Amino acid sequence: VTLGHFPLMLVSQACYVARAVGYTIIPNPFLILLLEPLHGVTYGSMQLASVDYMATVAPKGLEASAQGLVAAFNRGLGFFVGTMLGGVMMQELGSKMMFHAAAILVSFSSVVYGVCWGVTKSSCSCLAYGVNRRVPSQP
């Protein structure tokens, strides 16, 4: 079964929200280990979706540069901003509020992302499936 990059990113976001909320409701710190497999799903599916999407939209000859941009934003700017804002929020509001805020932010972005995916999927197959790929036939 092939999900494609748009649904795979939604899977990543859903797993992140489940993890963030779980961190705030689990009373015993050792039980958090039960949530940690979701980190692999979250990070792995986000990376796979990002790389796949960039591979579909990158102009011929610029594929490696496009993947460099993915790495720069995901592992560079994204980690920096997330760590800085998360640290400030944790210090000022506490860890529960920080994880609740993160879950709310990712939930909101998931809704926006899902709506955008639905709009692009219905209006332009080149945006929904990538410009360098053949659009799969619908059953």
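Please refer to the structure higher up on the page.
Everything quoted here is computed from the prediction, not taken from an experiment.

## Considerations on the side chain of Ser12
Here is step 1 of the chain: Along the chain, Ser12 falls in helix H1 (residues 5-25).
Here is step 2 of the chain: When residues no more than four places from it in sequence are discounted, the contact partners of Ser12 are Thr42, Ser45 and Met46.

## A short note on helix H3 (residues 63-93)
Here is step 1 of the chain: Taking 1.5 Å of rise per residue, the 31 residues of H3 would be expected to cover 45 Å, and the 42 Å separating its terminal C-alpha atoms lies within 8% of that figure.
Here is step 2 of the chain: The largest bend in H3 comes to about 35°, at Gly78.
Here is step 3 of the chain: Along H3, the residues that are buried comprise Ala66, Val70, Asn74 and Gly86.
Here is step 4 of the chain: One or two residues past the end of H3 sits Gly94, with phi positive at roughly 95°.

So, how was this worked out
Residues numbered from 1 in each chain as written. Predicted model: local features only at pLDDT ≥ 70, side-chain atom pairs only at ≥ 80, totals over all residues. Heavy atoms only, no water. Helix = DSSP H or I, 4+ residues; strand = E, 2+ residues; numbered from the N terminus. Contact = heavy atoms within 4.5 Å. Expected span 1.5 Å × (residues − 1). Bend = angle between axes of the 7 residues up to and from the residue. Buried < 20%, exposed > 50% of the residue type's maximum accessible area, 1.4 Å probe, protein only.

In short, shape yes, function no, at least from these values alone.
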